[in-house]
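Next come the chains, spelled out residue by residue.
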Amino acid sequence: MTEFQNKTYTINIGTSDFKKLVTESTLYVDKTLLIKTIIEDAFDVLLITRPRRWGKTLNMTMLQYFFGIPVKNKGDIDEEEQSKRRDIFSQLKIGEHPDILENYLGKFPVIFVSFKEIKGNVYETTEMDVRELIYGLYTTHEYLLYSDKLSEWQKDLFKKFMTKSFDLAELKNSLFHLSKMLYAHFGQKVFILIDEYDTPLNDWYALQLARETLSPAEDSYFQNVLGLFRGLFSSTLKGNDFLEKGVVTGILRVAKASLFSGLNNFGEDSILDEDYAEHFGFTEEEVNTLLHKSNIDKNPETALALKSWYNGYKIGGLTIYNPWSIMNCIKNRGKFKAYWVGTASTALIEQALILDKFQEEMQILIEGGSVDMIADPKMVFADIKSSPNALYNLLLFSGYLTANSIENAKAGMYRCDVRIPNKEVQEVFEVSSMAWIAQKLKIDMNEYNAFLDDLLKGNIDAFTERLKGYLETSASFFATGPKNAELFYSGFVMGLVSAVSSNYSVEAERESGLGRADLLLIPTPTARHQNALVLEFKFAKSDENLRLLAQKALEQIELKNYEAKIKAYKNVASTFKVGIAFGGKDVEVAFNE
């Protein structure tokens, strides 16, 4: 960890308000060239998908602040505010394009709506939340009631939204009606910005993964929510003569919903594309600038460690960093931890990562390997249970995997070689692997950690008895074939390593497959137990004697003299040598001190 000297910058973490960021912080990344890319894009409507906390909402408020016409209470243009905005943007990167400032800054009415807080689990609640959102949106344009450009019927309709007396049909057409009114008042087409459009559906996907079957009421909820948002988006973005340009952001492309079907001039950009790669997340150059301004680059080791923790994404030929983690690491004076993974509900990811069908590939990924997949931006995420490829797509587009290579395939799909991007995300996979093992042992994570603690304390007999009992209760899982046993035992070793990695120095030597695994766990001086462990794992064939195999593993530890590596650590109080032999649902352990 680096202590920053003579701190001369201000930093604002967590704000999604562009104006607040640029006026209150001196340490931020200028993404205003996104404005130029949006203007030059040939599509009338854009869907941009990126992982959460990658700056989507911040960029959308920037677009709102740039394009929007500032108005006073009665709807007159606020010239003073417009001048302030010109001063701000002229000093940013977009200021290098005076023609854009002249023709676009403060020249358009803007509708901005974000669905990131719409997370109901019954349709009535979701509809009510959307109604409140639309009501709040209309109140920000209350000046339209005083406009002599609106007809009386338009004002009557506006009042229905202001008094929350609008019906479902009017709700579905609410954004269209508002765009028409804004056009009437300003004589200018409207920018419509829809942020986090997919949030109301993501919790439903997580519910589907968690349940074997969904009740008719739960399925009805999904269909009703689809109908609500399909109507809302279709009327707003399809054939809207008052639309200048629409920008929609989210994490996932909800294909099954057909929310954007029928749009004639509709473009998409995901982490597989190039056009918007530099505008979301931080580039290598931007991170280097931040490290210099915050003095982190004065310690090369710290700067290098930061990059291993938070970079690794390859998008459009660029190395992209997770912006939330970078800024939090700087704010916390170079302290490395998982800032991003704990920032929001990850129920969908958590449910996906403990599916049995994913464990073999998951172990490959945890060990630093990669997996081939077909990436499809239009993947139906509702089919994750039945389609392993949908699972990979979920992880890829959510930021839990990144593509080493991308090749065009047929029908708008891509062939990708994917891996875990960085150390922060690695922890998510490791914890999920532990959760999968705990699930198979039919225990919760607290009991699982207590069970491992027996081993670390040197209570090998207690550890052995508990392990035998757990395996006995999980017999049905192992009865389905030797492949499951191999996955379980390999995952068990990974879970053990993951559980102790923060307080132990871990040395592992693995041959290909599951032939053997040598593991040394050496405590740091701050570890609760100052015992070192040397473990040798054996996996029996059907006719092998487990007791003899466990003893053989112990003898191998003695023969190779692994204990010699531990003698250099003066803090180690005791060293336990443990041979573990697995076979089906049975286990035997041989050990000595």
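Refer to the structure presented above.
So, a few notes on the structure that sits alongside this text. Keep in mind it's a predicted model, so treat the numbers as computed, not measured. (Residues numbered from 1 in each chain as written. Predicted model: local features only at pLDDT ≥ 70, side-chain atom pairs only at ≥ 80, totals over all residues. Heavy atoms only, no water.)

This part takes up the pairing of strand β8 (residues 318–321). Taken together, the two bridges between strand β6 (residues 282–283) and β8 define a ladder with antiparallel strand orientation. Residue T283 lies in a different strand from β8, and its bridge partner there is I320. Sheet topology note: the strand β7 (residues 313–315)/β8 ladder contains three bridges and is antiparallel. Bridge assignment links Y313 to a residue of β8, and that residue is I320. Between β7 and β8, which pair antiparallel and follow one another directly, the connecting turn spans two residues, one of which, G316, has a positive phi of 55°. (Pairing = 2+ DSSP bridges. Helix = DSSP H or I, 4+ residues; strand = E, 2+ residues; numbered from the N terminus.)

What follows concerns the pattern of salt bridges. Summed over the entire model, instances satisfying the criterion amount to 16 salt bridges. Taking the shortest distance from any N to any O, the salt bridge between K36 and E40 comes out at 2.8 Å. With K36 and E40 both in helix α2 (residues 33–40) and four residues apart, the pair spans about one turn of that helix. Residue classification places K36 among the partly exposed residues on the basis of a relative accessible area of 23%. (Salt bridge = Lys/Arg side-chain N within 4 Å of Asp/Glu carboxyl O. Buried < 20%, exposed > 50% of the residue type's maximum accessible area, 1.4 Å probe, protein only.)

Regular strands have side chains that alternate between both faces of the sheet. With respect to burial, strand β3 (residues 190–195) is a largely interior element, six of its six residues being buried. When strand β2 (residues 110–114) meets β3, the two strands line up parallel, connected through five bridges. Bridging across to β3, F112 finds its partner in L193. Relative to strand β4 (residues 243–250), β3 is paired through five bridges, and the arrangement is parallel. If you follow V190 over to β4, its bridge partner there is L243.

Along its 13 residues, helix α9 (residues 174–186) runs 18 Å from first to last C-alpha, staying within 8% of the 18 Å computed at 1.5 Å per residue. Regarding α9, the residues found buried are S174, L175, H177, L178, S179, M181, L182, H185 and F186. Phi turns positive, to about 70°, at G187, one or two residues after α9. (Expected span 1.5 Å × (residues − 1).)

Relative to the helices and strands, N531 is located in strand β14 (residues 531–539). Along the primary structure N531 and T575 are separated by 44 residues, whereas in three dimensions their C-alpha atoms are 5.7 Å apart. Those residues within four positions of N531 in sequence are excluded, and the remaining contacts are L456, K457, G458, Y504, L521, P523, S574 and F576. A distance of 3.2 Å separates a polar atom in the side chain of N531 from the backbone oxygen of L456. (Contact = heavy atoms within 4.5 Å. Polar contact = N/O pair within 3.5 Å; in protein donor to acceptor, adjacent residues only side chain to side chain.)

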